[in-house]
Structure formats: C-alpha cells, structure tokens
Amino acid sequence: MLEIVEDGLNLPVPPPQIQPEMSVFWEALRVGELLLPHCRRCEFVVWSPRPYCPKCGSFDVDWVSASGDGVVYSFTVNRRGKGFNKKYQEIGPYIVAYVELAEGPRILTNIVDADVDSVEIGVRVRGVVHRAGDDVIVRFRPVEGESAHVDSSGGAP
Amino acid sequence: MSSKGGAYIVGAYESPDRVIPDRSTAQLTAEVAVAALADAGLTMEDVDGFACTADLDALPLAMSEYLGLRNLRWVDTTMTGGSSPLVQLGHAAAAIVRGQCEVVLITLAQRARSAPGERNRGFNPEGPFEEVYGLNTMGSYALAARRHMYEFGTTSEQLAWVKASASLHAQHNPNAFIQRPITVEEVLDSPMLSDPLHRLDSCVVTDGAGAVVVVSPAVKARLNRVGAKVLGQAETVKGTDLGRVDLTYTGARFTGPRAFEEAGISPSDIDYASIYDSFTITVIETIEDLGFCEKGDGGRFVADGGLLASGRLPVNTDGGGLCNNHPGKGGMMRLIEAVRQVRGETTPAVQVPDCELVLVHGTGGQLGTRMGSSTVILGVEDA
Ligand SMILES: [Zn+2]
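Description of the structure in this document.

Thresholds applied
Residues numbered from 1 in each chain as written. Chains lettered and ligands numbered in written order. Predicted model: local features only at pLDDT ≥ 70, side-chain atom pairs only at ≥ 80, totals over all residues. Heavy atoms only, no water. Helix = DSSP H or I, 4+ residues; strand = E, 2+ residues; numbered from the N terminus. Rg over C-alpha atoms; globule rule 2.2 N^0.38 Å. Buried < 20%, exposed > 50% of the residue type's maximum accessible area, 1.4 Å probe, protein only. Contact = heavy atoms within 4.5 Å. Buried area = accessible area lost by both parts, 1.4 Å probe. Salt bridge = Lys/Arg side-chain N within 4 Å of Asp/Glu carboxyl O. Phe/Tyr/Trp six-rings, centres within 6.5 Å; stacked < 30°, edge-to-face > 60°. Donors = N, O, S within 2.8 Å, 3.2 Å for Na, K, Ca; no water. Tetrahedral: all angles 85-135°; square planar, octahedral: opposite > 155°, others 65-115°. Core = buried A, V, L, I, M, F, W, Y, C linked by side-chain atoms within 4.5 Å. Pairing = 2+ DSSP bridges. Axes fitted to C-alpha atoms, helices over the stretch in contact; angles between N-to-C directions. Polar contact = N/O pair within 3.5 Å; in protein donor to acceptor, adjacent residues only side chain to side chain.

Along the backbone of chain A there are 1 helix and 8 strands. Mapped from its N terminus to its C terminus, chain A presents α and β elements in the order β-α-β-β-β-β-β-β-β. For 157 residues, the compact-globule formula gives about 15 Å, and the C-alpha radius of gyration of chain A, at 16 Å, lands near that figure. Across the 157 residues that make up chain A, the buried fraction comes to 49%.

It is worth spelling out the interface of chain A and chain B at this point. Each side of the interface is counted separately: chain A has 52 residues, and chain B has 38 residues. With both chains or domains summed, chain A and chain B bury close to 3,800 Å², and 57% of this area falls on carbon and sulfur atoms. Among the residues chain A hides against chain B, the three largest losses belong to Phe 84, Tyr 98 and Leu 108 of chain A. Together they make up 21% of the total. If you look at where chain A meets chain B, you find 1 salt bridge.

Going through the model one piece at a time under the given rule, you end up with 10 aromatic pairs over all chains. Note on Phe 25 of chain A and Phe 129 of chain B: the rings are 5.5 Å apart at their centroids and 80° apart in plane angle, and the pair reads as edge-to-face. Of this pair, Phe 25 of chain A sits in helix 1 (residues 23-30) while Phe 129 of chain B is found in helix 5 (residues 127-130), placing the two residues in two different chains. Since its relative accessible area comes to 1%, Phe 25 of chain A is described here as buried. On the accessibility criterion, Phe 129 of chain B (7% relative accessible area) is buried. With a centroid separation of 5.6 Å and 15° between ring planes, the pair formed by Trp 26 of chain A and Phe 129 of chain B is classed as stacked. Of this pair, Trp 26 of chain A sits in helix 1 while Phe 129 of chain B is found in helix 5, placing the two residues in two different chains.

Residues and elements named next belong to chain A. At this site the zinc ion is bound by Cys 39 (SG), Cys 42 (SG), Cys 53 (SG) and Cys 56 (SG), with donor distances of 2.3 Å. The coordination sphere of the zinc ion comprises 4 donor atoms, whose angles at the metal cover 102 to 115°; the geometry is tetrahedral. All donors of the zinc ion belong to a single chain; written as a sequence motif, their spacing is C-x2-C-x10-C-x2-C. With Cys 39 in strand 2 (residues 35-39) and Cys 56 in the loop between strand 2 and strand 3 (61-65), the pair connects residues that are 17 residues apart, well separated along the chain.

To continue, consider the nonpolar core. Formed by 65 residues in total, the largest nonpolar core has its most connected members in Ile 270, Ile 287, Phe 292 and Leu 359 of chain B. When residues in this core are grouped by element, the largest group, 7 residues, is from helix 6 (residues 137-152) of chain B. Apart from the residues lying within four places of it in its own chain, the contact partners of Ile 287 of chain B are Ile 275, Phe 292, Cys 293, Gly 298, Phe 301, Val 302 and Leu 313 of chain B. Ranked by size, the runner-up nonpolar core spans 35 residues in total, among them Val 72, Val 77, Val 119 and Val 129 of chain A.

A few words on the sheet that holds strand 1 (residues 8-14) of chain B. Residue and element names in this part refer to chain B. Across the sheet, 9 strands lie side by side as 3-2-4-7-1-8-11-10-9; this open sheet has mixed pairing. At either margin of the open sheet sits one strand with a lone partner, and together these are strand 3 (74-76) and strand 9 (272-275). Across this sheet, the average inter-strand angle for adjacent strands is 20°, counted without regard to direction. With 10 bridges connecting them, strand 8 (residues 228-238) and strand 11 (residues 371-380) associate as antiparallel partners. In the sheet register, Thr 236 faces strand 11, and the bridge partner there is Ser 373.

Quick look at the side chain of Ser 202 of chain B now. All names here are of chain B. Structurally, Ser 202 is set in the loop between strand 6 (197-198) and strand 7 (207-215). Classification of Ser 202 by relative accessible area gives buried; the value is 15%. Once residues lying within four places of it in the same chain are set aside, the contact partners of Ser 202 are Met 138, Lys 163, Ser 278, Phe 279 and Leu 322.

With that settled, consider the environment of Leu 143 of chain B. Its place among the elements puts Leu 143 of chain B in helix 6. You can call Leu 143 of chain B buried: its relative accessible area is 0%. Sequence-wise, Leu 143 of chain B and Leu 367 of chain B are 224 residues apart; in three dimensions their C-alpha atoms are separated by 8.3 Å. Excluding its chain neighbours within four sequence positions, the residues that come into contact with Leu 143 of chain B are Ser 74, Phe 75, Thr 76, Val 96, Ala 97, Tyr 98 and Leu 108 of chain A together with Leu 135 and Leu 247 of chain B.

Residues and elements named next belong to chain B. Examined against the element boundaries, Asp 76 turns out to sit in strand 3. C-alpha separation for the pair Asp 76 and Cys 52, spaced 24 residues apart in sequence, amounts to 7.1 Å. When sequence neighbours within four positions are dropped, the list of residues in contact with Asp 76 reads Phe 50, Ala 51, Cys 52, Gln 88 and His 91. A polar contact of 2.5 Å, which involves the side chain of Asp 76, links it to the side chain of Thr 78. At 2.5 Å, the side chain of Asp 76 forms a polar contact with the side chain of His 91.

Before going further, it helps to spend a moment on the pairing of strand 11 of chain B. Side chains on a regular strand alternate between the two faces of the sheet. All names here are of chain B. Judged by how many residues are buried, strand 11 sits mostly within the fold: 10 of 10 residues are covered. One ladder, built from 9 bridges, connects strand 10 (residues 357-365) with strand 11; its direction is antiparallel. Across the sheet, the residue bridging to Gly 362 is Ser 374, located in strand 11. Connecting the antiparallel pair strand 10 and strand 11 is a turn made up of 5 residues.

This is the structure we're talking about:
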C-alpha cells in the first residue's frame with residue numbers, strides 16, 4: 001500500500017475521467033493501492049491500465065497490487081505550466097517523469113517532495129497517493145539512502 | 001505502388017503569410033488550393049481527389065464543398081497530426097496508380113498563432129494517465145531529449161546547432177517568421193522552459209497554409225510543368241510500446257527502411273532532406289532512425305553545420321519549422337520545400353546543386369508519447 005497525502009499539496013489533483021470498466025482501479029487508488037492489470041494468458045503487466053491485454057488480445061485480465069517501487073527513466077522540469085490540463089496553467093516549476101515500476105511498466109507521473117535540480121535518471125523512487133476529496137493521483141518521491149541511485153540501462157524489452 | 005505506375009507532384013504552394021488574423025482556415029485553404037492548382041496549370045474543375053487535415057473550423061466534408069469540388073472520386077481525411085499530408089500523399093499516389101483518380105489536391109491550413117483554440121479533448125484513453133500530470137508539448141519532447149542525452153551523451157550545444165542551422169537558411173527566405181541568424185550561444189542563453197529544452201529549441205508558432213497537387217502520368221504529360229515523382233512512401237504509428245516506452249527513437253526507424261526499399265535507393269543517395277522539426281531533438285532522433293548516421297550519433301552529425309545546405313546532409317533549407325513556418329502541423333511545409341528543391345526552384349542561396357533525390361519525414365503527435373510517422377521519397381521526374 002502507498003502512503004496517502006491529503007494536505008499541503010502543491011500540485012493539483014485533477015479529476016480523472018473515469019470510464020465504467022475502470023472503477024475498480026480508481027476505488028483501489030483512493031485507499032492507497034496502485035493496481036496493475038495482469039494478463040492471465042500471457043502474464044504481461046499492462047500499462048496504461050485497462051481490463052484488456054494489448055499484447056495478446058486477451059480479456060482474461062486480473063489486477064495485481066504494485067509494490068510502489070520504481071526508478072526514474074526520464075524527466076523534465078516544466079518551468080511554466082501551459083499543460084494540456086488547465087489546472088497546471090499557473091504552476092511551476094514541477095517535474096514530469098517516466099518512472100519504471102519494479103513490475104515493468106514505464107509510467108508517466110510527477111516526482112514530488114524533491115528539489116527540482118536534484119532529480120536524475122536512475123534515481124530510486126516510491127509511489128505516494130495524492131488525494132483531494134474523491135480525486136486521486138499517484139506520484140513518486142525520491143528514496144533516501146545508500147541505494148538511492150541505480151544504472152538505468154534503457155531499451156524497451 | 002507509386003514507383004511502378006507513377007504519381008507526380010506538379011503543383012505546390014505555401015502561403016507567404018505567417019500571422020493571419022483576418023481570414024479563416026477555410027478561406028486560407030481556398031487560397032492555397034487555387035494557387036497550387038495554378039502552379040500546375042490546372043483548375044478546381046480538374047480535381048477528382050481531395051485530402052485535407054481536419055481542423056477546428058474546416059472539416060473535410062465542409063471543405064470540399066467550400067472549395068467547389070464537384071467531381072470527387074476519392075477522399076482522405078487521415079489525421080496523424082503534423083505528418084498527415086505525407087500520409088495522404090502516399091494514399092493519393094496509390095489511388096492514382098490504381099486508377100481511382102487522376103488529380104488529387106492535398107491541403108493544410110491552421111492558425112496556431114492567431115486562433116490556437118481549445119484542444120478538443122473529448123475522452124481519450126491515455127488522458128487519465130498522462131494529461132493529469134501537467135504534461136505539455138515541450139515537456140513531452142524534453143523527456144525524449146533527456147533520455148537521448150543520458151544514453152548517448154548528446155549535448156545542449158548539439159541540439160542548438162539544429163536551430164542555428166535552420167536560422168542560417170531562414171535568413172535567405174523573405175517569408176520566414178525568423179529571418180535573422182541565431183547562434184548556438186543564443187539558444188543556450190534563452191530561457192529554459194522544459195529542461196533540457198530552451199525556448200529556442202522550439203519551432204516557431206505561426207499561422208499558415210499550403211497545398212500540393214498530385215497527378216497521374218497521363219495528366220502530367222498534358223501539363224507544361226516540371227514534376228516531382230513520388231518514388232516511395234511509408235507510414236506507421238509509434239507509441240509507448242505497451243507501456244515500456246523507449247524515448248530514444250521515432251517511427252522513422254520503421255518508415256525509413258520501407259520508403260528507401262520502395263524507392264530502390266539508400267540514405268547515401270539523398271541530396272536533400274526535409275525533416276520535421278517541431279523541436280531540435282526531433283531532428284536528431286529522426287536522422288538517426290532514417291539511417292543518415294548511427295543511432296546515438298545524431299548530435300555529433302548536426303554539430304558544426306552538418307545540416308547546412310553546404311553540409312553533409314542539407315536539411316530544411318527554407319528555415320524549417322524552427323525558423324520559417326510551423327502552423328501547428330508542419331508536414332505540408334516540409335513537403336513543399338522538398339518539392340522546391342527537387343524542381344530546382346528554392347531560394348538560390350540554399351538550392352542544392354544537381355538535386356535529384358529528396359526525402360521528407362513527418363512526425364505528428366508527440367515524441368514523448370505517441371506519434372504518426374511518415375517518410376516520403378521524391379525524385380526528379382525522369383529519375
Ligand atoms: Zn496477454
């Protein structure tokens with residue numbers, strides 16, 4: 001389970017568009033669980049989430065709980081918002097990143113609770129759920145300590 | 001397909017205007033359509049095929065009526081972002097070879113500067129997992145640039161060379177949005193907007209419009225006009241690899257080899273290339289993927305003037321999207337400069353001598369997520 005943070009958020013929690021087949025994902029995230037679709041036929045862990053396996057075409061998909069551990073694959077510091085999402089228009093700087101989850105997927109996210117000049121590719125991060133009312137979003141924080149940085153060799157599997 | 005039966009671009013026109021507060025995209029489409037047809041020696045009455053890029057206020061159905069196209073036997077409303085006209089060119093050439101139509105008009109008009117409008121964000125499946133994080137266009141390309149730097153040692157100076165080279169071409173283009181030379185230092189000193197990309201790593205944001213006319217060999221034989229033969233075209237969509245995105249390459253990795261194979265040539269045969277240049281990183285990744293250099297060597301390839309008209313690979317001699325014209329979607333403008341080069345009709349200061357084989361590559365969408373990619377190869381008409 002991931003830590004849930006409700007107060008003192010300096011980034012918005014935009015209401016996600018919730019499609020009917022995705023309610024289980026969002027309900028879990030509201031209580032701190034990041035669910036990843038897992039294909040029972042080919043064992044693929046799917047991203048972005050949907051109850052369908054884009055690798056083999058199967059609908060025999062269940063949900064597994066992500067550990068929350070990841071490594072920064074790439075990142076940028078947006079100095080001014082102007083994001084596709086209007087809630088970011090007047091915000092900045094903030095970090096947009098791809099984090100490679102321990103389970104395999106590289107997911108788009110924000111790196112939070114970090115100095116914008118201190119993040120690097122290969123930094124170990126851990127998921128945190130930001131919650132504002134019913135709206136939730138999963139973000140990542142740098143992990144402190146000795147093993148905070150790993151080589152990120154790259155290349156899609 | 002096209003290399004066997006043959007299809008020719010016999011008309012091309014790019015609006016000279018870059019800031020257009022006073023006309024709609026529909027009206028601009030009419031202007032460039034009439035002008036491109038006139039360039040070919042044809043009229044609206046001759047057109048039996050039509051392709052245009054869907055825009056906020058000029059949908060293809062409405063546009064065919066607005067233009068007065070009454071003899072349509074073939075239409076294409078492909079939307080792959082800025083690469084759409086290049087995809088449509090391939091579709092048009094195939095339709096001409098098949099005998100479905102003989103005179104195809106392809107248009108693009110957009111007012112990204114004067115009327116940027118709302119992005120029409122209905123539901124898209126990636127929205128809840130991307131847009132909610134404040135991703136923006138430049139940030140998306142910055143993610144790719146950062147990873148390319150990490151894996152291959154590409155530098156900000158090398159990225160800046162792409163802009164500087166475009167500006168050295170644009171100074172000879174009286175219609176270019178930026179007409180003064182920009183130095184590498186100037187790019188590096190411009191504000192950092194989305195690390196590692198600076199403001200001047202970005203294309204210009206303009207209004208603009210352009211059109212080309214593609215015809216069959218029989219129609220071309222009736223015209224007293226030099227044509228550019230469509231020798232090869234390929235298209236694909238490159239996305240996030242089922243959630244394991246690799247930001248270091250583009251769809252050109254797949255479309256380049258297929259277009260070269262169809263044309264029966266290799267990258268070393270190309271005399272001039274129009275490379276989609278939404279941002280500086282777009283060019284570096286694309287020339288690697290097309291095989292003009294090894295993967296990872298793009299930064300070294302573009303440094304010290306590699307892309308200049310006098311360099312090892314002349315690229316975007318009109319100034320490109322980085323300095324000349326990028327009306328939100330830029331593939332049409334890249335195509336038109338390639339037609340000018342192969343017809344020997346571009347600005348004399350940047351005309352490549354004996355220019356016989358040219359390449360155009362379009363990258364629509366986003367380098368950081370998913371893109372529509374298309375590679376086109378054109379040749380002098382008797383190539
Ligand atoms: Zn599967």
